[in-house]
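Fold and geometry: a report
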Amino acid sequence: MTETMLPKPGSNVLPGPPGESMLVEVRGEGELVTQDMSLNIGPQHPATHGVLRVVIDLDGEVIEKATPVIGYMHRGFEKLAEARDYRQIIALVNRHDWLSAFCNELGVAMAVERMMELEVPERAQWIRVLMAEWNRVLNHLMFVGSFGLELGAITPVFFAFREREDIQHLMESATGGRLHFTYNRVGGLKEDLPRGFLAASEHMVRNVRMRNSEYRDLLQGNEIFMARTKGVGRLDPDVALGYGVSGPTLHATGVPEDARVTEPYAKYDAVKVHVPTGTNGDSYDRFMMLVDRIDASLDIIEQVLGSIPPGPISVKLPKVVKAPEGAIYVRTENPLGQGGYYLVSDGRKNPWRLKMRTPSFNNISMIPHLLQGVLLPDMIAILGSVFFVVGDVDR
Amino acid sequence: METLFTLDNVWLALLLKVIAVLIIFLTVPLVMGYMEHKVLAHMQARLGPMEALPHGVGQLVADGIKFLQKENVVPAAADKWVFGLAPGVMLIPAIVVLTVVPFGPGAFAENLDAGIFFALAVSSIGTIGLLMAGWASANKFSLMGGLRGAAQLIAYELPMVLAAAAVVLQAETLSLVGIVEAQAGFRLFGTITIPYAVPHFFGLALFFMSAVAELNRPPFDMPIADAELIAGHMTEYTGIRFAFFLLSEYAGMVVFGALATVLFLGGWYPWPGYLLPEGFLGVVVGFGTTIGKIAAFMFLFIWLRATFPRLREDQLQRLSWLILIPLALLNIVIVAIAKVVA
Amino acid sequence: MPSLPAPPRIGLFKGLGLTLKTMLTPATTAQYPHVKPDLPPRTRGVIALMEENCTVCMLCARECPDWCIYIDSRKETVPAPGGGGRMRTRNTLERFAIDFALCMYCGICVDVCPFDALFWSPEFEYSTYSIRELTHERDQLRRWMDTVPPPPALEVGAETPGEIETGLDKARTQAEEQISAMLAAQRPAGEADADGGAVQTAAADEEPHVEAQVDQAVYDQLTADGVPERAARAKAKAHYVRTERARIKAERAESG
């Protein structure tokens, strides 16, 4: 069936557009010609954050069915973990959700520490909170920028990346890396902060807070932005909980479930953690979560800056770190949602099994539900507002 | 008013006019394109092109050379003739409209009696080019982009034409040169001399918004929304044909800016009622004034692009059909009443 | 009747004002090739090798998650230090290469080296046209040492690092000795005895040198217990040395 096929006189079949091996059938009198079209968004596409493929069936501009196809970035991390010791695993685990690198490392380190019943020094725990919150700010700034970019606002992404560069420079002065920190170790941190870090942190908090109000002006208060995102991609709290969604996507629906509050780890029980919640669960609320959470994280950082006690930065470990036999599950609040680390050890220096419950996996599992009956431009608004990192989905 | 290119030999005059129009067409959009790069960059807290000649002034020339030496890829399933002609169909109207737009006293190619009518009619031929590109590309994304684009362009023709009609009503002539001259002698209720921008403020806003939509510029750039459709109807084009699409966008910006200048900002007069010096100096001052006003419109185009996300297709259509067209009709009614009363 | 879009309010204009304001403030771009970035000293740019410190213990190659460190060594025999005794064997470094195409810049090798032979340097401009050139050999790694910055001072409240602790201890004891020596030199001759005694006890407090010999009794007992011959000999020698030293010290204490 090619475009050179001419319609027979009297038939109601017309050739489709060039390149489309389909024929368009005219049904009935006065009925508009429609044809279902199956479209592949991705895996290489400017809109998806990485190599996520969504196969959508379109009826005109309305999505009948959407199926995410994942696995394009599967790197076999859990299998790799079975052949690496714990310090090497910490170096690898910051690469699956590369925007929340420190929080991933923290989860694994905490899992091993809890199994070995190590007492992490106070100073290390406070600094862990500090770095985890800076990581959260970095992560949310990224999504603030990219969400605007997908909707056509090309400026906020540059502002967001300007802030990210400054914060990354700060993190680099302490850890040596801008994205993959490898700063956690089992029993504490690799080395202490450099002199001037806390003062620079304070200065940066003021800066980012001021700029955050600019994002509110540029996007949150913008009527076009509101028209594009309000009421779009509405999510019910029950449906969200049913799919296991967590993090800002869940908070936008009104459920304030946050592992920092329900199961505090590191020093989160000693700081006041504010969990902003939304009302509608639509894309606008999810975006608002990001901007509010940046402010909340800056508040936590300010509390931490005044509370770091002097002391050692890590526990003195044996030459070879062996976790005792047993299994443990550790929950952390990663910036994208709740991350879980299930560690099974048989007493050797490699884990028997390290299973990671990644927040992005559950967040995108509700894409078919969210995209049902939605217009194509809204699909972009929704995909951009369900925050995920493909490395986190596929590991 | 007579054009500068009045010579005894008609064919020589014609040749000169063609050369003049082509020179304007090839240089002014490039300057405006450079302005876009730099202004957009500074609005985004970055520098823009800096490497191609000091401060990046050679960037667009370098881009042109780059496009020229690229491989011309035509998809195997594409409709070759339609695919090949589409960029031309989008570009030629912009050049043709430039023949009637006056850039200064006598600095125009033709002074048609139906100038504005001709300009608006020819500029809407570009819609066909867009549809041709979307259809012939053998690509679902391009097809969707083409359809969206066509719907958008049709929807926003009307507010533009109606706003221009209000000005024509005010100036009592369709000729562009005549409109400029009429503005020169315009007095608001018989008192102060101002350009039409003040009494036709809504008309200017409507014309400007329609121009933004006609050019597929943000916030009305859904047809080429690159987060969704990569480049819409332009996706499958490479090399010089893609450059033609981009050039048609910049040339369109110059054309619409020039039309808006002529219709609303008083054309080549720095201020209505202020006479230009005689002779060649007057032409230069007038030309410079027009370019300056076009640059001001260009700045507005860029400012909108930097700041706003894009409107969804249905919101865009609703805006045009339900808000802009009634406002444009209202505008005409008010102008007509004012014209009769005053 | 489809719903009308909301009329524009102040939000749109706030956005326009923000972009205008940003346009008028200087850009934050650093034009890279003309301006080098200002990198902090801990930046993980490239790994440098101090060959002199390396004892070819292979810990870095073993701990690397990517196995990107290639080490070759050979055994050399050298005469015993201080003359006499059997020849010692020593590992000599032949090849030490890091394949930066594989390296993931985790820093575990730098952490794990017990002899401080590996260091981080902020250099990052070593891209090449051929992937083979990304394997840096010994001499190139030694040259990176010139770019290694000193470590930054630690934040207020941090524990002093171990190397600095021992260094400080040594400096403290040295300072104390110098002070007491100065004071001793300044005292008049009449009080020489008391301080001389102090100096002498200081000398006497030094470990007496005892030539190691096998204590036969201990050796026999250990071999009877089933301890391997070599270990038994070593323990017997150590026992002998200990008892001899204690005896000499007791004699000195009696006489002094």
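Fair warning: this is a prediction, and the values are worked out from it, not measured in the lab.

**Looking at the overall build of chain B**
The helix and strand inventory of chain B stands at 12 helices and zero strands. The order of helices and strands in chain B, counted from the N terminus, is α-α-α-α-α-α-α-α-α-α-α-α. By the compact-globule yardstick of 20 Å for 342 residues, chain B fits well, its C-alpha radius of gyration being 20 Å. If you line up chain B on its principal axes, its C-alpha atoms span 65 × 50 × 45 Å. Taking all 342 residues of chain B together, 51% fall into the buried category. Pairs at least 24 residues apart make up 77% of the contacts formed inside chain B by residues separated by at least 6 positions.

**Thoughts on the overall build of chain A**
The helix and strand tally for chain A stands at 15 helices and 10 strands. Taken across its 395 residues, chain A has 53% of its residues classed as buried. In chain A, the proportion of contacts linking residues at least 24 apart, taken out of those at least 6 apart, comes to 68%.

**A short note on the nonpolar core**
Soluble globular proteins tend to bury their nonpolar side chains together. Residues Val101(B), Phe207(B), Val255(B), Ala260(B) and Leu263(B) are the most contacted members of the largest nonpolar core, which totals 235 residues. In terms of residue count, helix H4 (residues 122–151) of chain A provides more of this core than any other element does, 17 residues in total. With residues up to four places along the chain from it excluded, the contact list for Ala260(B) reads Phe207(B), Phe208(B), Ala211(B), Leu265(B) and Phe297(B).

**Details of the interface of chain C and chain A**
Each side of the interface is counted separately: chain C has 30 residues, and chain A has 33 residues. Listed by contribution, the elements that provide at least two residues to the side of chain C that touches chain A are helix H1 (10–24) and helix H3 (108–112) of chain C. Its residues assigned to classes, the side of chain C that touches chain A comprises 16 nonpolar, seven polar and seven charged.

**Some details on unusual backbone geometry**
Among all residues except glycine, the phi angle is most often negative; among peptide bonds, the trans geometry is most common. Look at the link from Pro218(B) to Pro219(B): it is a cis peptide, with omega at 0 degrees. A positive phi angle is found at Ala266(A), which is not glycine, with a value near 45 degrees. Along the chain, Ala266(A) turns up in the loop between helix H10 (259–262) and helix H11 (283–305). Residue class for Ala266(A) comes out buried when judged on the 21 C-beta atoms lying within 10 Å of it. One non-glycine residue, Ala45(B), lies in positive phi territory at about 60 degrees. Topologically, Ala45(B) is positioned in the loop between helix H1 (10–43) and helix H2 (59–68). A tally of 19 C-beta atoms within 10 Å means that Ala45(B) is categorised as partly exposed.

**Comments concerning the interface of chain A and chain B**
A common measure of how large an interface is: the accessible area buried when the components associate. Of the residues lining the interface, 26 residues belong to chain A; the matching set on chain B comes to 32 residues. For the side of chain A that touches chain B, the secondary structure elements donating two or more residues are strand E3 (36–41), H4, helix H5 (156–175), helix H7 (223–229) and helix H14 (376–385) of chain A. Among the residues making up the side of chain A that touches chain B, the classes are represented as 18 nonpolar, five polar and three charged.

**Quick look at the confidence of the model for chain A**
Residue and element names in this part refer to chain A. Averaged over all residues, the pLDDT of chain A equals 85, while 90% of them reach at least 70. For the stretch residues 1–5, pLDDT sits under 50, and the model shows five contacts to residues farther than four places along the chain or on other chains. A low-confidence stretch, residues 21–28 (pLDDT under 50), is modelled with 17 contacts involving residues beyond four sequence positions or located in other chains.

**Notes on the pairing of strand E10 (residues 353–357) of chain A**
All names here are of chain A. Burial along E10 is one-sided: Leu354 and Met356 are buried, and none of Arg353, Lys355 and Arg357, which face the opposite way, are. Both strand E9 (residues 337–345) and E10 contribute to a ladder of five bridges, which runs antiparallel. What sits directly across from Leu343, in E10, is Leu354.

**Description of the sheet that holds strand E8 (residues 326–334) of chain A**
All names here are of chain A. What the three strands build is an open sheet, ordered E8-E9-E10; its pairing is antiparallel. The open sheet has two edge strands, E8 and E10, and neither has a second partner. Taking the axes of each pair of neighbouring strands and ignoring which way they run, one obtains an average angle of 15 degrees across the sheet. Bridge count between E8 and E9: nine bridges; the pairing is antiparallel. Its bridge partner being in E9, Gly326 is matched across the sheet by Ser345. In the packing of helix H3 (residues 101–116) onto the sheet, the strands contacted are E8 and E9, and the crossing angle to E8 comes to about 150 degrees.

**So, the environment of Arg241(B)**
Position of Arg241(B) relative to the elements: it lies in helix H10 (residues 239–264). Considered as a pair, Arg241(B) and Leu68(B) are 173 residues apart in the sequence and their alpha carbons are 9.1 Å apart.

**Considering the confidence of the model for chain B**
When pLDDT is low, close inspection of the predicted coordinates is not appropriate. On average, chain B scores 85 in pLDDT, and the residues at 70 or more come to 96%. At the level of chain-chain contacts, confidence expressed as ipTM amounts to 0.84, with global pTM at 0.82.

**Considerations on the packing of helix H8 (residues 201–214) of chain B against H10(B)**
Residues and elements named next belong to chain B. At a minimum axis distance of 11 Å, the contact between H8 and H10 shows a crossing angle of 170 degrees. Here H8 lies roughly antiparallel to H10, going by the angle between them. Contact residues: Leu204, Phe207, Phe208, Ala211 and Glu214 in H8; Phe256, Ala260, Leu263 and Phe264 in H10. In the contact of H8 with H10, the residues fall into eight nonpolar, no polar and one charged.

**A few points about the environment of Pro248(A)**
Residues and elements named next belong to chain A. Inspection of the secondary structure assignment puts Pro248 in helix H9 (residues 248–251). Residues Pro248 and Leu343 lie 95 residues apart in sequence; the distance between their C-alpha atoms is 26 Å. Contacts of Pro248, omitting those with residues within four sequence positions, involve Arg286, Met289, Leu290, Arg293 and Phe387.

**Observations concerning the packing of H1(B) against H10(B)**
Residues and elements named next belong to chain B. The interhelical angle for the contact between H1 and H10, taken along N-to-C directions, is 90 degrees, at an axis separation of 9 Å. By the angle between their directions, the pair H1 and H10 is classed as roughly perpendicular. Contact residues: Phe25, Val28, Pro29, Met32 and Gly33 in H1; Leu247, Tyr250, Ala251, Met253 and Val254 in H10. Grouping the amino acids of the contact of H1 with H10 by side-chain chemistry returns nine nonpolar, one polar and no charged.

**Re the sheet that holds strand E2 (residues 69–78) of chain C**
Residues and elements named next belong to chain C. What the three strands build is an open sheet, ordered E2-E3-E5; its pairing is antiparallel. Strands with a single pairing partner mark the edges of an open sheet, and in this sheet they are E2 and strand E5 (135–136). Here strand E3 (residues 88–99) runs beside E5; their pairing, made up of two bridges, is antiparallel. The residue of E5 that forms the bridge with Asp99 is Thr135.

**Regarding H1(B)**
Think of an α-helix as turning once every 3.6 residues; residues three or four places apart then point the same way. Relative to the 50 Å expected for 34 residues at 1.5 Å per residue, H1(B) spans 48 Å between its end C-alpha atoms, a close match to the ideal helical length. Count one or two residues on from H1(B) and you reach Ala45(B), which has phi positive near 60 degrees.

**Description of the environment of Thr99(B)**
Residues and elements named next belong to chain B. Mapped onto the elements, Thr99 comes out in the loop between helix H3 (80–98) and helix H4 (115–123). As for Thr99 and Ala119, which are separated by 20 residues in sequence, their C-alpha atoms are 9.1 Å apart. In this structure Thr99 touches Val21, Ala109 and Glu110, once residues within four positions along its chain are discounted.

Rules and cut-offs
- Residues numbered from 1 in each chain as written.
- Chains lettered and ligands numbered in written order.
- Predicted model: local features only at pLDDT ≥ 70, side-chain atom pairs only at ≥ 80, totals over all residues.
- Helix = DSSP H or I, 4+ residues; strand = E, 2+ residues; numbered from the N terminus.
- Rg over C-alpha atoms; globule rule 2.2 N^0.38 Å.
- Buried ≥ 20, exposed ≤ 12 C-beta atoms within 10 Å, placed from the backbone.
- Contact = placed C-beta atoms within 7 Å.
- Core = buried A, V, L, I, M, F, W, Y, C linked by C-beta atoms within 7 Å.
- Nonpolar A, V, L, I, M, F, W, Y, C, P; charged D, E, K, R; others polar.
- pLDDT = per-residue confidence, 0-100.
- Pairing = 2+ DSSP bridges.
- Axes fitted to C-alpha atoms, helices over the stretch in contact; angles between N-to-C directions.
- Parallel < 35°, antiparallel > 145°, perpendicular 65-115°, else oblique.
- Expected span 1.5 Å × (residues − 1).

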